[in-house]
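Here is how the chains run, residue by residue.
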Amino acid sequence: MQRKPLSLIICFLPALIFMQSCKKDNAATPKTKTELITSGSWKIDKVTLSGIDYTSMIETCQKDNSISFQANGTGSWDEGPTKCDNADPQTNPFTWDFQSNETLLHISDNVLTGTDDTLTILTLTDSQLILSEDVDLGGTTQTIVVTFKH
């Protein structure tokens, strides 16, 4: 009689071990900053200048623009369906890289402010990218903060 319970345990032991090994790990690996920034195209959501909201001053033809980053360090700025100037190219390529332990984003080729940009990354998540840059406007340093979303 002792053999039946023992044989049942022996039969079910591999199944129990297999089921334990199939449990999902609840701790998801966080995405890298490269994975986050390259996860899709970004559109301007909000713009502030020294804390004052200037989003309403963005022209409609600029609100549909998007910026995309590729993992190989290239990217493009797309004018979207409506261009402010029909003579402008539909897309403008650029190169990019992270600097200072991924706290700064360097974008080349005059994409955002007309010069090579090194922007401070304030936020980078699955759905939001917030960048800031200090600029000289009429001899006064002002901070521009641009919020992008997917």
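Let me begin by describing the structure that accompanies this report. No experiment lies behind these values; they were computed from the predicted model shown. (Residues numbered from 1 in each chain as written. Predicted model: local features only at pLDDT ≥ 70, side-chain atom pairs only at ≥ 80, totals over all residues. Heavy atoms only, no water.)

Some words on the overall build of the chain
Helix and strand counts for the chain come out as 3 helices and 9 strands. Reading the secondary structure of the chain in the N-to-C direction produces α-α-β-β-α-β-β-β-β-β-β-β. (Helix = DSSP H or I, 4+ residues; strand = E, 2+ residues; numbered from the N terminus.)

Topic: the pattern of salt bridges
Per the counting criterion, the structure on display carries 2 salt bridges. With a closest N to O distance of 3.6 Å, aspartate 45 and lysine 149 form a salt bridge. Of this pair, aspartate 45 sits in strand S1 (residues 42-49) while lysine 149 is found in strand S9 (residues 140-149), placing the two residues 104 residues apart along the sequence. On the basis of relative accessible area, aspartate 45 is assigned to the partly exposed category, the value being 35%. (Salt bridge = Lys/Arg side-chain N within 4 Å of Asp/Glu carboxyl O. Buried < 20%, exposed > 50% of the residue type's maximum accessible area, 1.4 Å probe, protein only.)

A closer look at the nonpolar core
Formed by 20 residues in total, the largest nonpolar core has its most connected members in Ile37, Phe69 and Leu105. Beyond its immediate stretch of four places on either side in the chain, leucine 105 contacts Ile37, Phe69, Trp96, Asp97, Phe98, Asp117, Thr118, Leu119, Ile121 and Leu131. (Core = buried A, V, L, I, M, F, W, Y, C linked by side-chain atoms within 4.5 Å. Contact = heavy atoms within 4.5 Å.)

Thoughts on unusual backbone geometry
At serine 50, a residue that is not glycine, the phi angle is positive and equals roughly 50°. Tracing the backbone through its elements, the reader meets serine 50 in the loop between S1 and strand S2 (52-53). A positive phi is found at asparagine 101, a non-glycine position, where the angle reads about 60°. Summarising the element assignment, asparagine 101 is placed in the loop between strand S5 (91-99) and strand S6 (104-107). Exposure remark for asparagine 101: the relative accessible area of 74% places this residue in the exposed category.

Quick notes on the state of the cysteines
Scanning the model with the defined rule gives 1 disulfide in all. In this model cysteine 61 forms its disulfide with cysteine 84; the gap between the sulfur atoms is 1.8 Å. Every disulfide takes its handedness from the sign of the S-S torsion; for cysteine 61 and cysteine 84 that torsion is 90°, giving right-handed. In this pair, cysteine 61 sits in helix H3 (residues 60-63) while cysteine 84 sits in the loop between strand S4 (74-78) and S5, placing the two residues 23 residues apart along the sequence. Its relative accessible area of 40% is what places cysteine 84 among the partly exposed residues. (Disulfide = S-S within 2.5 Å.)

Examining the side chain of glutamate 79
By the element assignment, glutamate 79 lies in the loop between S4 and S5. In contact with glutamate 79, other than residues within four places in its own chain, are Cys61, Asp64, Asn65, Pro89, Gln90 and Asn92.

Description of the environment of isoleucine 37
As for its position among the elements, isoleucine 37 is in helix H2 (residues 33-37). The spacing of isoleucine 37 and threonine 125 is 88 residues in sequence and 8.0 Å in space, taken between C-alpha atoms. Setting aside residues up to four positions removed in sequence, isoleucine 37 forms contacts with Trp42, Phe69, Trp96, Phe98, Leu105, Leu124 and Leu129.

Some thoughts on the pairing of S4
Across the two faces of S4 the burial differs, with Gly75 and Trp77 buried and Thr74, Ser76 and Asp78 not buried at all. Summarising the sheet, strand S3 (residues 66-69) and S4 pair through 4 bridges and their orientation is antiparallel. What sits directly across from phenylalanine 69, in S4, is glycine 75. The antiparallel hairpin formed by S3 and S4 contains 4 residues in its connecting segment, where glycine 73 sits at a positive phi of about 90°. Pairing between S4 and S5: 5 bridges, direction antiparallel. The residue bridging tryptophan 77 from the neighbouring strand is asparagine 92, located in S5. (Pairing = 2+ DSSP bridges.)

By themselves, these figures tell us nothing about what the structure is for.
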